[in-house]
Amino acid sequence: MAIRDKTLKLCSCNKTIPLDAAALGSALKSGSPITVHTELCRKEAGQFQAALGDESLLVGCTQEAPLFGELAEAAGSRAELRFVNIREMAGWSAEGGQATPKIAALLAAAALPEPEPVPNVEYKSAGQVLVIGPSAAALEWAKRFSTHLQPSVLITRVEGGELPAERSFPVWSGKPVRVSGWLGAFEVEWLQENPIDLDVCTRCNKCIDVCPENAIDFSYQIDLEKCKAHRQCVAACGEIGAVDFARAERVRKESFDLVLDLSKEPLLRMPDLPQGYFAPGTDPLEQALAAAKLAQLVGEFEKPRFFVYREKICAHARSGIEGCNRCLEVCSTGAIRADGDHVRVEPHLCAGCGGCATVCPSGAMTYAYPRVSDIGTRLKTLLSTYREAGGADACLVFHNTEAGRQAVQAVGRKAVRGGKGLPARAIPFEVFHIASIGLDTLLGAICYGASQVVVVSTKESEHYVAALREQMALGEAILNALGYEGRHFELIQEIEPLWQLKPAATVAKPATFNLSPEKRTTLDFELDHLARNAPRKVEEIPLPAGAPFGALVVNKQTCTLCKACIGACPESALLDAADAPRLRFIERNCVQCGLCAETCPEDAIQLVPRLLFGPQAKEAVTLNEAEPFHCVRCGKPFGTRQMVDSMLGKLGGHSMFAGDGALRRLQMCGDCRVVDMMENRAEATIFDFKK
């Protein structure tokens, strides 16, 4: 639904936002005059209620979204309500009077249709929570959980506390060795270290009574530093068998829905922890906050399946030889694991950062929430509306939905008493996670006319900073080599530096194509557009090692044209030829994964990172060709002379090829070789030799 089909409700927030109704109406091509309210959430609320009979309402306020939602519900309205922040994001600024193009762009983007839904990942939790940690704290939290959850306790060390008089929840002790899984499906393994098995113990107190060293208290665990090995506790326990100093079966394993880890150092160490696992440490406040969140994780839940994976073009490995591991290295949750020649992604562990899609050179891993094509539509709408409304030197400010949004809004809120807010050319662009902003998105924004792209990095995204900087550096190298001067990409933690950024050069003619779900297709369109409109015409740009573009150099002296590299290439960059022994190469298809070089038995292939422009980048070129070898029996070509000569040289001295017939057979095609073997039955075979 276009913005002209929506009812716009704009408010100047007590005349603190300089809204130009005429200019906005012209920029948005609304077709009718735009009314600007001053107190839509207070004395003019009736005018909002009067519009609830319309099909769709777009409200230029997010602060009072709950109030407007309540008014719509009370009126029984079926109108679609959308809200967009034009106050902190645009109007509240030292350049608020110049922000009309940005406000128009934000409104136009907010009016776009919602992206198509993606499949969901489901979780089920019955509230079975395992509390891991020191005895006193773990037992106390388990008692508190008993009213609304199903707790269990794994005591890792004795630090006071007594087991409850009633066996209301399971209690174990031991050393955790593995925690894995996710909300509703955690598995915990531990080693039973203490001689007393709390799962078997009846808490009859006999062991406490007979211990001469007082090494056992009401935690029913033996202090092994005090114990002098009298073993009177073993005799007192008798047939119950809870006390066993020579226990053979020590490994225990149980399943849980939730885990509260009170260890000083979390058992799981990764930037993004699985849903349902909380590691607040020893801080009582953090423990209380984690406990409150645990109480809410009972029931059925779902989240989007954030990724799409196509193993056919994955460059991870071939035939056991590893190539690209970038997604494995960047994943912050451990959701991606090697799986033979490909990788496997556990959707329940995926946190939706999109970092894997960002660093994937081939596009085998694609971000799906939202899709790159949906992001491209928003980019194109924002920038085209901004430009048509008279805006210049657009600077896109990417931020996430949580800490990033708060940081951007806080700057706008403080645009009083010396605060400056956001520059009029800085257009906020919200994404689920900033790690999903890869080279295709960065260059796409420039192709659509942006002068710069700035990414707001928060504490939650520190793990991805290196990957983001690498993407930005690659994009900057390409743009600068093409003559687009200035700094186009920035990663910032504070908003204030936006005011010091000088606009960078961009394309004179914005692109009209849409971003494709196919990453390499999108990059092809972008690179061609940038080169076609570049201030400087170049044919080749040298790139740093690890770049996803480049050529191959083949040592023709050592290459035997065995073509193992062709079979290893997942991107169809290396090709065969039907008419002759020839190795061909399409440079634009190459992702520089290195599988061809690793597979080559002669070490004849070398990677050359670069970006080649023009038709030659998409045309097949010959890297090596050789004289064909003809079968000595039928004359059919079946290999290269170099390969056959090399084979004869290596096998000529082998005992299995001592006779002239065996060596001659190596010079035959496959069909003639079989016929020759059947005709020469007198020759010795392996069955003629005894073991």
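Here is a short report on the structure shown in this document. These numbers come from a predicted model, not from an experiment.

### A few points about the environment of I478
Piece 1. Considering the arrangement of structural elements, one finds I478 in helix α15 (residues 465-481).
Piece 2. Since its relative accessible area comes to 0%, I478 is described here as buried.
Piece 3. Residues I478 and N214 lie 264 residues apart in sequence; the distance between their C-alpha atoms is 74 Å.
Piece 4. Beyond its immediate sequence surroundings of up to four residues, I478 is in contact with L527, I541, L543 and L611.

### Focus on the side chain of R82
Piece 1. Relative to the helices and strands, R82 resides in strand β4 (residues 80-83).
Piece 2. Side chain to side chain, R82 and E80 meet in a polar contact 3.0 Å long.
Piece 3. Discounting chain neighbours no more than four positions away, the residues touching R82 are K6, L57, L58, V59, A110, A111, L112, P113 and E114.

### Notes on the pairing of strand β23 (residues 452-456)
A regular strand places its side chains on the two faces of the sheet in alternate fashion.
Piece 1. Counting buried residues in β23 gives 5 out of 5 residues, a clear majority hidden from the surface.
Piece 2. In β23, alternate side chains face the same way, and those of Q452, V454 and V456 on one face and V453 and V455 on the other are all buried.
Piece 3. Bridge count for strand β21 (residues 395-399) against β23 is 4 bridges, and the pairing is parallel. Directly across from L396, in β23, lies its bridge partner V453.
Piece 4. Taken together, the 4 bridges between β23 and strand β24 (residues 489-492) define a ladder with parallel strand orientation. Each residue of the ladder has a partner; that of V455, found in β24, is L491.
Piece 5. Taking the sense of rotation as the criterion, the β-α-β connection linking β23, α15 and β24 turns out right-handed.

### Comments concerning the state of the cysteines
Linking two cysteines covalently via their sulfur atoms produces the bond known as a disulfide.
Piece 1. One pass over the full model with this rule turns up 0 disulfides.
Piece 2. No disulfide involves C324; its sulfur sits 6.3 Å from the nearest other cysteine sulfur, which is in C327.
Piece 3. There is no disulfide at C590, and the cysteine sulfur nearest it, in C596, is 6.3 Å away.
Piece 4. Overall, C590 belongs to the buried group, its relative accessible area being 8%.

Here is what the cut-offs are and how they apply
Residues numbered from 1 in each chain as written. Predicted model: local features only at pLDDT ≥ 70, side-chain atom pairs only at ≥ 80, totals over all residues. Heavy atoms only, no water. Helix = DSSP H or I, 4+ residues; strand = E, 2+ residues; numbered from the N terminus. Buried < 20%, exposed > 50% of the residue type's maximum accessible area, 1.4 Å probe, protein only. Contact = heavy atoms within 4.5 Å. Polar contact = N/O pair within 3.5 Å; in protein donor to acceptor, adjacent residues only side chain to side chain. Pairing = 2+ DSSP bridges. Right-handed = clockwise from strand over helix to strand, strands pointing away. Disulfide = S-S within 2.5 Å.

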